[in-house]
Structure formats: structure tokens, C-alpha cells
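# Coordinates in review
Single-letter residue listing:
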2 protein chains.
Amino acid sequence: MGTVAWKQLLVGALESNTHLRHSSFFQLASIGTNGKPSNRTVVFRGFQDNTDNILINTDSRTPKIEELKLCPSAEICWYFTDSWEQFRINGNVDVVDGWNPDPLKLQQREKSWFASSLRSRSQYLGPEPGLPSLGEQAQPEISLDPSTGPVDAFCLLILEPDQVDYLNLKNSQRLAFKSSVSAAAKKSWIMERVNP
Amino acid sequence: MGTVAWKQLLVGALESNTHLRHSSFFQLASIGTNGKPSNRTVVFRGFQDNTDNILINTDSRTPKIEELKLCPSAEICWYFTDSWEQFRINGNVDVVDGWNPDPLKLQQREKSWFASSLRSRSQYLGPEPGLPSLGEQAQPEISLDPSTGPVDAFCLLILEPDQVDYLNLKNSQRLAFKSSVSAAAKKSWIMERVNP
């Protein structure tokens, strides 16, 4: 019941804010390799089929990959600016790059690659993010064959939620969702109404 | 020069997004007492006078207080939805509650208290955030005398930036600002243009 409840709230928020381009943007916090918190805006790329796992595309050359491999724990903070709803989603992140040994995960990575626009895909062919920029001039337009599969720099992140904190600033409702895993490895959720 | 540069960019972003109520909201990441990342939306309350330190009001009964006392390092991620600019601001947070021994900090806390609306102030008299909610009914309206000073639950956070990453998604410009402190305790900033 719990899973359905928070996912339904999230799907509802996405629907009611869909007219805003930035409604699919959220902030992903992780722990830096220096032990300090790291926080950046990323784009929601949907749920993994038949799960409530959250998909994010990223460049494997960014520091978050090393960070998440060292410490997979992350927290999403997703604020919907029109409906005044906040979701804090805590969970572990699975880093799926081209060297992943699991063929099913590689298949999911390929699916995410082809689901993104050609323009998004071509960004993974650009110069290494965060390195000193070599000049003022605009980068040459990179042309990418639409049938080309995922390039090395393309990395899929899969966040599996285990705790969700929902806050609605319009009606001051706050709900805390916590998951637990049974001896039979079945995940279930409990929900509690808490003070905002 | 560096300080001026990123602060000027931030002031410019605030000005160009001022028509949006949520332009003063950003996400603050810290490290939870369980060692996992924590991330929530908070409100920008201005800069501390004559500094580039960022002011945030919060409730001393929320977990972030204990978190920041244990590990003062935090990262702000601030995305401006109209100008497509992102600021990632890393620094240490000074927690200024009513028990702070520094009279100047207590004065700053009082100033921040009176600078916030009466409605904001009265929220600090509400039930303890995050605890189970006792009922469906709306909380009774709390009336607060406008001359009453800061209540125990009111806490001021002062983030002193030491690193800023600026990204402009409209022109793909990205700038990295880093501070250093000289032997004479003078803080200076360097700026570098990096790949987006």
C-alpha cells in the first residue's frame, strides 16, 4: 500500500506540474570522496519498468560516479514549484556504465540511451566535464548517428528508494514512508503522518 | 575579484528570477548522523552584512541541527528555473541557536528573527517537526506578539562559502571558484572556466 501511496503522490505531482520544463529536475545529494556533501541538479528519466526505482542519465566522467561507487547512498530533494510539494527520496544508487557485468542492466542502459534525444546523446561526446576549458570559442557541433549505441561516457544511475518524506506546503501535510524487507526478500512500506 | 564575481552572478540571478516566488528556495545537502546524505529545500534569507555568507532560518528541532553540529560541511544546490543558472555552493555552516556563547551571533539571530514575517515566526511555536502527527484536525492558529524576541526553536544557519560552481545552461558556460586563506587570514578567490 505504501509504495503505491508515495509513487502515486509523485506521479500526481509530475502531472500537475507538467507544463513546467523544470518539473522533471531535482537535486541529488551524495557524499564526495573528501567526505563532504555533494549536490547537483539532474533530470528524472522515468521509473524502471515495474518498479519504483528512479532513472537518471549522467556522464561517467563526472565526480558523482566515483562518489557513488564508494558510497552508494544518495538523497533526492525534488521540489515542485507549482504544487508546492517536496519529495525527499533516500536510497542506494546502482551505477550502470558500459563495463557493468550484468547483461540485463546493460540492456536497461541501452534503452535509456535511445530514449534520450539525439542532442542529449551528443553531449556525451563533448570535452570532459569539469576540466579547464580550452577556449572561448563554441564547441563544434558533434554529429551522432541515431543508430549508434551508448558511448563510453554514458552512464545510467538507478536509485532504489528506501525512505520517502513527502511535504505539501499548501495544506501542511507531511507523510513519512519507510520500507522494510521481509525474510522472503519482499519489500513493504509503512506510512506515517508526521508534523510538518 | 573572485568573490565579487560569483556573488555578482548570484545577485544577478536573484534579480532576473525575482518574479518567481521559488527563486529564493534552494536545496541544502548535509551528512546525516547515520553517515548518509540528507537534502532539503530551504529559503535564502540574504547575505550576512558585508560578507558573502548565506543566511538560512530553521527550526532547532529538525535533524539538520544535530547533523551540522557533527559535520558542519554542506553544499547548496540552487537552480534558477527562469535563467537556467545553477550555483553549487560548498562551505561550512555555523549553527546559531539561543545557546550560542557569542553575543554578536546572538544579535544576528535576533535580527534574522525580526526580519522574518510574523507568520514565519509563529511556525516555531508549532508542534515538533517530524514527530507523529496527533490528528487530522488543523493546528490552532498561534498568536505571537510582534515584539517577542526569538523563541528557543528558532535557529539561524550561516554558511560560509569556500567553493562555488556556476553553470549557465543557456550559454553552456561553467565557472569554478575556489577560495584560499593567506597566512594573514585574508580570504581570496580564484576563478577558472571549465567544461560544462
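Calculation criteria
- Residues numbered from 1 in each chain as written.
- Chains lettered and ligands numbered in written order.
- Predicted model: local features only at pLDDT ≥ 70, side-chain atom pairs only at ≥ 80, totals over all residues.
- Heavy atoms only, no water.
- Helix = DSSP H or I, 4+ residues; strand = E, 2+ residues; numbered from the N terminus.
- Expected span 1.5 Å × (residues − 1).
- Buried < 20%, exposed > 50% of the residue type's maximum accessible area, 1.4 Å probe, protein only.
- Arc of directions from axis to C-beta.
- Contact = heavy atoms within 4.5 Å.
- Polar contact = N/O pair within 3.5 Å; in protein donor to acceptor, adjacent residues only side chain to side chain.
- UniProt positions renumbered as here; feature names shortened; annotations may be inferred.
- Buried area = accessible area lost by both parts, 1.4 Å probe.
- Salt bridge = Lys/Arg side-chain N within 4 Å of Asp/Glu carboxyl O.
- Least-squares fit on C-alpha atoms with pLDDT ≥ 70 in both.
- Phe/Tyr/Trp six-rings, centres within 6.5 Å; stacked < 30°, edge-to-face > 60°.
- Lys NZ or Arg CZ within 6 Å of the ring centre and 35° of its normal.

Let's shift gears to helix H3 (residues 103-115) of chain B. Residues and elements named next belong to chain B. In this model, H3 (13 residues) spans 18 Å end to end at C-alpha, consistent with the 18 Å of a helix rising 1.5 Å per residue. For H3, the full list of buried residues reads Gln108, Arg109, Ser112 and Trp113. Burial along H3 is one-sided: seen end-on, the buried residues are contained in an arc of 145 degrees. Exposed residues lying more than 90 degrees from the buried face of H3 are Pro103, Leu104, Gln107 and Ala115. The secondary structure elements touched by the buried residues of H3 are strand S3 (54-59), strand S5 (85-96), helix H4 (118-122) and strand S6 (154-168). You can read the cap of H3 off the contacts: a side-chain oxygen lies 2.9 Å from the backbone nitrogen of Leu104, and it is on Asp102.

The next subject is the UniProt feature "domain: Pyridoxamine 5'-phosphate oxidase Alr4036 family FMN-binding" (unreviewed entry) in chain A. According to UniProt, the feature "domain: Pyridoxamine 5'-phosphate oxidase Alr4036 family FMN-binding" (unreviewed entry) maps to residues 5-96 of chain A in the numbering used here. Secondary structure across residues 5-96 of chain A comprises 22% helix and 43% strand; the distance between its end C-alpha atoms is 28 Å.

Bringing the interface of chain A and chain B into the picture now. With 41 residues of chain A in contact, the opposing surface of chain B contributes 41 residues. Both faces considered, chain A and chain B share a buried interface measuring about 3400 Å² in area, 51% of it formed by carbon and sulfur atoms. When the buried area of chain A at its contact with chain B is split by residue, Pro37, Asn39 and Asn195 of chain A rank highest and sum to 20% of it. Where chain A touches chain B, the interface holds 0 salt bridges. Scanning the region where chain A abuts chain B turns up 18 residue pairs in polar contact (both at pLDDT 80 or more). Those elements that provide at least two residues to the side of chain A that touches chain B are strand S1 (25-31), strand S2 (37-43), strand S4 (73-80), strand S5 (85-96) and strand S8 (187-193) of chain A.

Superposing chain A onto chain B takes a rotation of 180 degrees plus a shift of 0.0 Å along the axis, which leaves an RMSD of 0.0 Å. Here the two chains are linked by the operation of a two-fold rotation axis. Within chain A, the C-alpha atom positioned nearest to the axis of rotation is that of Ala29 of chain A, 3.0 Å from it. Comparing interface residues between copies, 100% of those in chain A also sit at the interface in chain B, which points to an isologous, same-surface contact.

Let us now look at the packing of aromatic side chains. Going through the model one piece at a time under the given rule, you end up with 22 aromatic pairs over all chains. The interplanar angle of 50 degrees and the centroid separation of 5.0 Å between the aromatic rings of Phe44 of chain B and Trp78 of chain B together place this pair among those described as tilted. Of the two residues, Phe44 of chain B sits in the loop between strand S2 (37-43) and S3 while Trp78 of chain B sits in strand S4 (residues 73-80), which places them 34 residues apart along the sequence. Per residue, the accessibility class of Phe44 of chain B equals that of Trp78 of chain B, and both read buried. In this structure an aromatic cluster arises from ring pairing among Phe26, Phe44, Phe47, Trp78, Phe80, Phe87 and Tyr166 of chain A. The ring of Trp84 of chain A has Arg21 of chain B lying over it, and the distance from NZ or CZ to the ring centre is 4.0 Å. Across the ring face of Trp84 of chain B, the terminal group of Lys170 of chain B is positioned such that the distance to the ring centre comes to 5.4 Å.

This part covers the pattern of salt bridges. All names here are of chain A. Counted under the stated rule, the structure contains 16 salt bridges over all chains. The salt bridge involving Glu67 is made with Arg40; its shortest N-O contact spans 3.1 Å. With Glu67 in helix H2 (residues 63-70) and Arg40 in strand S2, the pair connects residues that are 27 residues apart, well separated along the chain. By relative accessible area, which is 6% here, Glu67 ends up buried. Given the relative accessible area of 6%, Arg40 is considered buried.

Glycine aside, negative phi is the norm for most residues, and most peptide bonds take the trans geometry. One non-glycine residue, Ala185 of chain A, adopts positive backbone phi at about 65 degrees. Relative to the assigned elements, Ala185 of chain A resides in the loop between strand S7 (173-181) and S8. With relative accessibility at 61%, the residue Ala185 of chain A sits in the exposed group. For Ser172 of chain B, which is not glycine, the phi torsion reads 60 degrees and is therefore positive. Structurally, Ser172 of chain B is set in the loop between S6 and strand S7 (173-181).

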